[in-house]
Amino acid sequence: MKNSAFSLRGYLMERLLTSLFLLWLASSGVGYFATINYANHPYDQVLLERAQMVAEQVRLGSGQERLDLKPNLPDGSDPGIADKVVYTVSDHNGKKIAGNADLSRPLSYRMGKSGPIFSNGELDGEKTRMVSLVYLNPASGKLFQLHLSETIHQRQTLIRGILAYIVIPQLLLIMLAAAAVLYGLKQGMLPLERLRREVAMRQRDDLSLLDASQAPLEVHPLIDAVNSLLDKLKQAMQAQKRF
């Protein structure tokens, strides 16, 4: 027959520590997504400004486009600028016209949006962040698409740094809270341990009532039940002596 007995201390510890761990996981998850949004915003602004600078250099939408011009963009070799930046100029059908990479997309992917569109991608096995812009030549009606993409090494470094400042202190707080919980459980069990020792040290004919004054309120019903049983046993023994 399976033993259904369990440790109250172990049960409470498991519940409380599991709750603290889940709280830490949830807090870390929220912090992670908040960090990504926080890190992406300034870098996206820089990426957009760089794309606009490239558009100005090649004069997109001016009618005097200089598509043979090679903008000076980071290639990832500079230790101070770890990310590689590439670009593509394409027509409305997504056919590449100029650029040092092929990031072409048909105009339909914009789904009618006219402003800058940011997206995540991958190029040569590396994760990238890309911004796409559209420039129209009013005179000829010719449309140009500009796609500028960069690797995300600097973003990831920033995200890891922010997460370290968020997750590590939270983990330390959780550990301190767990230590406080364990200490609280240990102290909370002391009255029960005193009660156990009191019962264990009694003589077999000692049927005096248990002292509930030092026990937790939650244990009082159990002590009252035991005292009631002891009182009945005492009365039964006294009645037996009379006969």
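If you're wondering where the values come from, they're calculated on a predicted model, not measured in any experiment. (Residues numbered from 1 in each chain as written. Predicted model: local features only at pLDDT ≥ 70, side-chain atom pairs only at ≥ 80, totals over all residues. Heavy atoms only, no water.)

Student: Would you mind going over helix 1 (residues 8–58) with me for this structure?
Tutor: Since the α-helix turns once every 3.6 residues, residues separated by three or four places project in the same direction. Relative to the 75 Å expected for 51 residues at 1.5 Å per residue, helix 1 spans 74 Å between its end C-alpha atoms, a close match to the ideal helical length. Of all the bends in helix 1, the greatest reaches close to 25 degrees and is centred on His 41; the proline Pro 42 follows between one and four positions later. The first or second residue beyond helix 1 is Arg 59, which carries a positive phi of 60 degrees. (Helix = DSSP H or I, 4+ residues; strand = E, 2+ residues; numbered from the N terminus. Expected span 1.5 Å × (residues − 1). Bend = angle between axes of the 7 residues up to and from the residue.)

Student: Whenever I open this one, the nonpolar core confuses me. Can you help?
Tutor: Nonpolar side chains tend toward joint burial in soluble globular proteins. Grouped together as the largest cluster of nonpolar side chains are 17 residues, with contacts concentrated most on Leu 60, Tyr 87, Val 89, Leu 146 and Leu 148. The set of elements that each furnish at least two residues to this core consists of helix 1, strand 1 (85–90), strand 4 (126–136) and strand 5 (143–151). When neighbours within four sequence positions are excluded, Tyr 87 is seen to be in contact with Val 54, Leu 69, Pro 71, Leu 73, Ala 98, Gly 99, Asn 100, Ala 101, Leu 103, Leu 146, His 147 and Leu 148. Leu 210, Ala 212, Ala 215 and Ile 223 belong to the second-largest nonpolar core, a separate cluster that totals eight residues. (Core = buried A, V, L, I, M, F, W, Y, C linked by side-chain atoms within 4.5 Å. Buried < 20%, exposed > 50% of the residue type's maximum accessible area, 1.4 Å probe, protein only. Contact = heavy atoms within 4.5 Å.)

Student: What am I meant to see in the pairing of strand 5 here?
Tutor: Consecutive residues of a regular strand have side chains that alternate between opposite faces of the sheet. The buried fraction of strand 5 is high, at nine of nine residues. Side chains Leu 143, Gln 145, His 147, Ser 149 and Thr 151 of strand 5 all project onto a buried face; the interleaved residues Phe 144, Leu 146, Leu 148 and Glu 150 project onto the opposite face, where all are buried too. Bridge analysis of strand 1 against strand 5 gives six bridges, and the strand direction is antiparallel. Following the sheet pairing, Thr 88 is matched in strand 5 by His 147. Both strand 4 and strand 5 contribute to a ladder of nine bridges, which runs antiparallel. Paired with Leu 133 across the two strands is Leu 146, which belongs to strand 5. The hairpin turn running from strand 4 into strand 5, its antiparallel successor, is six residues long, and Gly 141 in that turn takes a positive phi close to 75 degrees. (Pairing = 2+ DSSP bridges.)

Student: Help me understand the pattern of salt bridges in this model?
Tutor: Side chains that carry opposite charge are capable of pairing whenever their charged atoms lie near each other. One pass over the full model with this rule turns up four salt bridges. The partner of Arg 50 in a salt bridge is Glu 150, with the nearest N and O atoms 3.7 Å apart. Highlighted residues: Arg 50 in helix 1 and Glu 150 in strand 5, separated in sequence by 100 residues. Residues Arg 50 and Glu 150 agree in their burial class; the two are buried. A relative accessible area of 5% means that Glu 150 is categorised as buried. Taken together, the shared-partner salt bridges in this structure form one network comprising Asp 44, Arg 50, Arg 129, Glu 150 and Arg 155. (Salt bridge = Lys/Arg side-chain N within 4 Å of Asp/Glu carboxyl O.)

Student: Is there a simple way to think about the environment of Arg 66 in this case?
Tutor: Within the secondary structure, Arg 66 is located in the loop between helix 1 and strand 1. Sequence-wise, Arg 66 and Asp 206 are 140 residues apart; in three dimensions their C-alpha atoms are separated by 106 Å.

Student: Looking at this structure, how should I read the packing of aromatic side chains?
Tutor: Each aromatic ring pair is specified by the distance between its two centres and by the angle formed by the two planes. Taken as a whole, this structure holds two aromatic pairs when the rule is applied. For the ring pair Phe 21 and Trp 24, a centre distance of 6.0 Å and an interplane angle of 40 degrees mean the geometry is tilted. Of this pair, Phe 21 and Trp 24 are both found in helix 1, three residues apart, which corresponds to roughly one turn of the helix. Accessibility expressed as a relative area gives 45% for Phe 21, which makes it partly exposed. According to the relative accessible area criterion, Trp 24 is buried, its value standing at 18%. Look at Tyr 32 and Phe 33: their rings are 5.4 Å apart centre to centre, the planes differ by 75 degrees, and that puts the pair in the edge-to-face class. Its end group placed over the ring of Tyr 109, Arg 105 keeps NZ or CZ at 5.0 Å from the ring centre. (Phe/Tyr/Trp six-rings, centres within 6.5 Å; stacked < 30°, edge-to-face > 60°. Lys NZ or Arg CZ within 6 Å of the ring centre and 35° of its normal.)

Student: For this particular structure, what's the right way to read unusual backbone geometry?
Tutor: Both trends apply: most residues other than glycine have a negative phi, and most peptide bonds are in trans. Positive phi values are uncommon outside glycine, yet Arg 59 reaches one of about 60 degrees. Residue placement: Arg 59 occurs in the loop between helix 1 and strand 1. At Asp 124, a residue that is not glycine, the phi angle is positive and equals roughly 55 degrees. Mapped onto the elements, Asp 124 comes out in the loop between strand 3 (117–123) and strand 4. According to the relative accessible area criterion, Asp 124 is exposed, its value standing at 69%.

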